[in-house]
Amino acid sequence: MFPAASLLTTLLLALSIAASPVEVRNSPVTLPIARRLNTSGGTINLLQHDQSRAATLKNFKGDSTLSRRTGSITVTNDAVSYIADVGVGSPATTYYLIVDTGSSNTWVGADTKYVKTSTSVDTNEPVAVDYGSGSFSGTEYTDTVTLGSGLTITAQSIGVAATSTGFTGVDGILGIGPLILTEGTLTDEPDTTIPTVTDNLYSQGIISEIVVGVSFEPTTTESDANGELNFGGVDATRYTGTLAYTPLTTTEPASYYWGINESITYGTTTILAETAGIVDTGTTLILLASSTYLECSE
């Protein structure tokens, strides 16, 4: 098993599709996120997990098409994932979902099975997603989703898993990536996109800006609710100074995700003056192309 402290980093991410981002410093939609080290399947091979996921992200093909109140929720870091408690239905059943900026479908049923209530609507649409490090397939429903203290989204698309792999100890995914990543996930309607949780928070007037903030911190315990997910703004108590925004990249395939241009240096040596990368909460390690690694190791 890897030492817990070596697997963690600190991230404050604010994503906005606005041309001139407006900094919303006090987000009313806050969801705690927690770190959970899942060793139920034996020794963790983080490198293999992340390489498999990166290969799937890289192979994505799609079209390049992709401000009200704000709010946040608490998140748990799973060493390879960050876990949030999300309510689905009315009355709500709580599901432990991986917070994922690298995918956009929200689904449940990997561990705790989906509980139908009066707000559950079966669309009869088959849905499936392959993450490289796991997958799920099942049926799409729409339902009420509760984030944090009573914050509800109505008629949110939810995948209900009939089968899933690679998701031991969690119930599914809270997908907060770009809308385009949902294209092709409805089996019978491959050209249709599915509004994400973030999209519906905005369209239903719950948040004033399409902004997502993610904060988590280093920890030495196997389960620690030391992070936070904010919708519509950021938590000003989680950072000092002023946030710096960077444009989303236009370089494919990173442009289909929350991709940014960056440079890579090793000491005083510039390895890559500019390259496109993906900001992905579903990947624990920082991954470089093999050619880049070989160049800096020679």
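Residues numbered from 1 in each chain as written. Predicted model: local features only at pLDDT ≥ 70, side-chain atom pairs only at ≥ 80, totals over all residues. Heavy atoms only, no water.

Peer 1: Give a description of the side chain of Thr 281 that names residues and reports values.
Peer 2: Checked against the element boundaries, Thr 281 lands in the loop between strand S15 (269-278) and helix H3 (290-297). When its relative accessible area of 4% is taken as the criterion, Thr 281 is described as buried. At 2.7 Å, the side chain of Thr 281 and the backbone oxygen of Val 99 are in polar contact. (Helix = DSSP H or I, 4+ residues; strand = E, 2+ residues; numbered from the N terminus. Buried < 20%, exposed > 50% of the residue type's maximum accessible area, 1.4 Å probe, protein only. Polar contact = N/O pair within 3.5 Å; in protein donor to acceptor, adjacent residues only side chain to side chain.)

Peer 1: I'd like a rundown of the environment of Ile 173, residues and numbers included.
Peer 2: Relative to the assigned elements, Ile 173 resides in strand S10 (residues 172-175). Relative accessible area serves as the criterion here: at 2%, Ile 173 is assigned to the buried category. Taking the C-alpha atoms as reference points, Ile 173 and Ile 83, 90 residues apart in sequence, are found 8.7 Å from one another. With residues up to four places along the chain from it excluded, the contact list for Ile 173 reads Leu 97, Ile 98, Asp 100, Ser 103, Asn 105, Thr 106, Trp 107, Tyr 131 and Phe 167. (Contact = heavy atoms within 4.5 Å.)

Peer 1: Run through the packing of aromatic side chains, naming residues and quoting values.
Peer 2: Here the structure, examined in full by the defined rule, presents four aromatic pairs. When the ring of Trp 107 is compared with that of Phe 167, the centres are 5.0 Å apart and the planes differ by 90 degrees; the resulting orientation is edge-to-face. Separated by 60 residues along the polypeptide, Trp 107 in strand S6 (residues 107-108) and Phe 167 in the loop between strand S9 (151-165) and S10 bring together distant segments of the chain. Relative accessible area serves as the criterion here: at 0%, Trp 107 is assigned to the buried category. Judged by its relative accessible area of 9%, Phe 167 falls in the buried class. Aromatic side chains Tyr 131 and Phe 167 sit 5.7 Å apart centroid to centroid with 80 degrees between the ring planes, which places their arrangement in the edge-to-face category. Here Tyr 131, found in the loop between strand S7 (121-130) and strand S8 (135-147), pairs with Phe 167, found in the loop between S9 and S10; they are 36 residues apart in sequence, far enough to count as distant. Members of the aromatic cluster, connected to one another through ring pairs, are Trp 107, Tyr 131, Phe 136 and Phe 167. (Phe/Tyr/Trp six-rings, centres within 6.5 Å; stacked < 30°, edge-to-face > 60°.)

Peer 1: Talk me through unusual backbone geometry; I want residue IDs and the actual numbers.
Peer 2: Of note, the bond from Ser 90 into Pro 91 is cis; its omega dihedral lies within 30 degrees of zero at 5 degrees. When you line up the elements, Pro 91 lands in the loop between strand S4 (82-88) and strand S5 (93-100). Here the bond from Glu 252 into Pro 253 is cis, since omega is 0 degrees, no more than 30 degrees from zero. In this fold, Pro 253 is placed in the loop between strand S13 (228-231) and strand S14 (259-266). For Asn 124, which is not glycine, the phi dihedral falls at a positive 60 degrees.

Peer 1: Give me the lowdown on the confidence of the model for the protein chain, citing residues and values where you can.
Peer 2: Averaged over every residue, the pLDDT of the protein chain is 78; residues scoring 70 or more account for 70%. Here strand S1 (residues 11-16) is the element of the protein chain with the lowest mean pLDDT, 40, and S6 is the one with the highest, 98. Within the model, the stretch residues 1-20 combines pLDDT values under 50 with 57 contacts to residues more than four positions away or in other chains. (pLDDT = per-residue confidence, 0-100.)

Peer 1: Mind laying out the pairing of strand S11 (residues 211-216), listing which residues take part and the relevant values?
Peer 2: Most of S11 sits out of view: six of its six residues are buried. Side chains Val 211, Gly 213 and Ser 215 project from S11 onto one buried face, and the interleaved Val 212, Val 214 and Phe 216 project onto a second face that is buried too. Judged from the four bridges that link them, S11 and S13 form a sheet pairing that is antiparallel. Among the inter-strand pairings, Gly 213 is bridged to a residue of S13, identified as Asn 230. (Pairing = 2+ DSSP bridges.)

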